[in-house]
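Chain by chain, the residues run as shown.
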2 protein chains.
Amino acid sequence: MKLTPSMETLIAELVKLPTIGRKSAQRLAFHLLRTRREDALALARAIERMRESVRFCTQCGNIAEAERCAICSDLSRDPSIICVVEEVTDLVAFERPGTFRGLYHVLGGCLSPLHGVTPEKLSIAPLIERLRSGGVREIIIATNPSVDGEATALYLAKLTRPLGVRATRIGMGIPIGSSVEFADEITVQKALEGRREIEG
Amino acid sequence: MKLTPSMETLIAELVKLPTIGRKSAQRLAFHLLRTRREDALALARAIERMRESVRFCTQCGNIAEAERCAICSDLSRDPSIICVVEEVTDLVAFERPGTFRGLYHVLGGCLSPLHGVTPEKLSIAPLIERLRSGGVREIIIATNPSVDGEATALYLAKLTRPLGVRATRIGMGIPIGSSVEFADEITVQKALEGRREIEG
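I will try to describe carefully the structure that is included in this document. (Residues numbered from 1 in each chain as written. Chains lettered and ligands numbered in written order. Predicted model: local features only at pLDDT ≥ 70, side-chain atom pairs only at ≥ 80, totals over all residues. Heavy atoms only, no water.)

Some points on empty space enclosed by the protein
Here comes step 1: The final tally for this structure, using the stated rule, is one cavity of 30 Å³ or more.
Here comes step 2: Each pocket or cavity is described by its volume, and for the largest cavity that value is around 60 Å³.
Here comes step 3: Lining the largest cavity are A:Leu14, A:Leu17, A:Ile20, A:Leu28, A:Leu43, A:Ile47, B:Leu14, B:Leu17, B:Leu28, B:Leu32, B:Leu43 and B:Ile47.
Here comes step 4: Going through the elements one at a time, helix H3 (37–53) of chain A together with helix H2 (22–34) and helix H3 (37–53) of chain B are the ones with two or more residues in the lining of the largest cavity.
Here comes step 5: Its residues assigned to classes, the lining of the largest cavity shows 12 nonpolar, no polar and no charged. (1 Å grid on protein atoms, 1.4 Å probe; cavity = no way out; pocket = protein on both sides within 12 Å on 5 of 7 lines; lining within 4 Å. Points joined across faces, edges and corners; volume = space filled by probe spheres on them. Helix = DSSP H or I, 4+ residues; strand = E, 2+ residues; numbered from the N terminus. Nonpolar A, V, L, I, M, F, W, Y, C, P; charged D, E, K, R; others polar.)

A closer look at the nonpolar core
Here comes step 1: In terms of nonpolar packing, the biggest core is built from 78 residues, with A:Met7, A:Leu10, A:Ile47, B:Met7, B:Leu10 and B:Ile47 touching the most fellow members.
Here comes step 2: Each residue touching A:Leu10, except ones within four places of it in the same chain, is listed here: A:Ala29, A:Leu32, B:Leu43, B:Ala46, B:Ile47 and B:Met50. (Core = buried A, V, L, I, M, F, W, Y, C linked by side-chain atoms within 4.5 Å. Buried < 20%, exposed > 50% of the residue type's maximum accessible area, 1.4 Å probe, protein only. Contact = heavy atoms within 4.5 Å.)

Quick word on the pattern of salt bridges
Two side chains that carry opposite charge are able to pair once their charged atoms sit near each other.
Here comes step 1: Per the counting criterion, the structure on display carries 20 salt bridges over all chains.
Here comes step 2: Among the salt bridges present, the one from A:Arg77 reaches A:Glu95, with a minimum N-O distance of 2.8 Å. Placement of the pair is A:Arg77 in the loop between strand S2 (63–64) and strand S3 (78–85) and A:Glu95 in helix H4 (residues 88–95), with a sequence separation of 18 residues.
Here comes step 3: Judged by its relative accessible area of 10%, A:Glu95 falls in the buried class.
Here comes step 4: Residue B:Glu38 is joined to B:Arg36 by a salt bridge in which the shortest nitrogen-to-oxygen separation is 3.3 Å.
Here comes step 5: Take B:Glu38: its relative accessible area is 47%, and that puts it in the partly exposed class.
Here comes step 6: Overall, B:Arg36 belongs to the exposed group, its relative accessible area being 51%.
Here comes step 7: Through salt bridges with shared partners, one network takes in A:Glu13, A:Lys16, B:Arg36, B:Glu38 and B:Asp39. (Salt bridge = Lys/Arg side-chain N within 4 Å of Asp/Glu carboxyl O.)

Quick word on the sheet that holds S3(A)
Within a beta sheet, neighbouring strands are joined by backbone hydrogen bonds and run either parallel or antiparallel to one another.
Residues and elements named next belong to chain A.
Here comes step 1: Strand order in the open sheet made by the four strands is S4-S3-S5-S6, with parallel pairing throughout. Sheet topology places strand S4 (102–106) and strand S6 (166–169) at the edges, where each strand pairs with a single neighbour. Between one strand axis and the next, the sheet turns through 25° on average, direction left out of account.
Here comes step 2: Sheet analysis places S3 next to S4, joined by five bridges and oriented parallel. Across the sheet, residue Ile82 finds its bridge partner in S4, namely Leu103.
Here comes step 3: Sheet strands in contact with helix H6 (residues 147–160) are S3, strand S5 (138–141) and S6, and its direction is about 165° off that of S6. (Pairing = 2+ DSSP bridges. Axes fitted to C-alpha atoms, helices over the stretch in contact; angles between N-to-C directions.)

A short note on the relation of the copies chain B and chain A
Here comes step 1: By a simple turn and slide, chain B fits onto chain A: the slide is 0.0 Å along the axis, the RMSD is 0.1 Å, and the turn is 180°. Taken together, the rotation angle and the small translation identify this as a two-fold axis. When C-alpha distances to the rotation axis are compared across chain B, the minimum falls at B:Ala44, with a value of 2.1 Å.
Here comes step 2: Take the interface residues of chain B: 100% of them recur as interface residues in chain A, which is what a same-surface contact looks like. (Least-squares fit on C-alpha atoms with pLDDT ≥ 70 in both.)

Describing the interface of chain B and chain A
Here comes step 1: Between chain B and chain A, the contact holds 53 residues from the first and 53 residues from the second.
Here comes step 2: For the chain B and chain A pair, buried surface summed over both sides reaches about 4700 Å², with 72% attributable to carbon and sulfur atoms.
Here comes step 3: Where chain B packs against chain A, one counts two salt bridges.
Here comes step 4: A salt bridge links B:Asp39 to A:Lys16, with the nearest nitrogen and oxygen atoms 3.6 Å apart.
Here comes step 5: For the pair chain B and chain A, the number of links is 12 residue pairs in polar contact (both at pLDDT 80 or more). (Buried area = accessible area lost by both parts, 1.4 Å probe. Polar contact = N/O pair within 3.5 Å; in protein donor to acceptor, adjacent residues only side chain to side chain.)

See the structure below:
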């Protein structure tokens, strides 16, 4: 059944969103029809304003609404340590515990020769520039534990070591709350390699 | 971690949608940030236009963009049979097979004295008005097979019979594609009550 033209248009736009199929889109469209007019229009305005306001931090590539993002502008943070991530959403994950006090650098992906992602396609030159301008003692490479993520980590480590910057890789192993029993073989291997002396 | 103000506002609006939690809202917000500007703005505009354009059919309560909905305006449909549903989304379900050629009447819910839903809160008087104006020989009462839905069906049947209109109730039983084994006891009971002679 065809709904009214404007409902069909709305559903077609909603279906373009990730994880939203036709049924979910229809449910959302009917919700937006039934909800208070202000609430529906507030969502529309929030989308428009976000697209007007959000840009990317000129230093680290995080989302920002000014030249520099909230993290780069925070003078209480330690600029001598930079956590290098693939995407802004990874940065969000590292900010969640609230314990990391350094800065970030968003690469915009990881090297993937098969998909045509060469070093020039990523924010690698700006990272090297940041390291060259001094004051950075360590970069923590937090690309994903995938083949491409690992290759990118190695590539970055090789580039940065000659600059006198320590390059470290995030820890890998059994995720907290999960079971050893259900960990895949590569994770178990990484957990063995990443073993540490028990303190205390 | 707080994202930028406009991202946080957008996430707060997305979280108001049904089945969208904080994590999904964040994923959708980042999608709307990364996607082409036209696509994000097309969604915002689709919401606004839908709220401007959609109203309710003055005859049956279906969604419409004119005085009458597409179904009530369709002269090829049979106005002598009316399928009475709780919500527009139920009407959509009955239109899906494409075989019903009658008209509809959307009640806007079902009677529920406990929740303060009395006959005056539903589109029952307009339904009686339609039946009184003549030309209707049957109403198929398609309220949900819940306690309140059943009570509403009985209530409507009592109201409409004196008007010389046949009142029928939709069939209930084992859903197609499901198994008898897994049907709950009330469904099995309804399936027994609704048994039919095998033809052919």
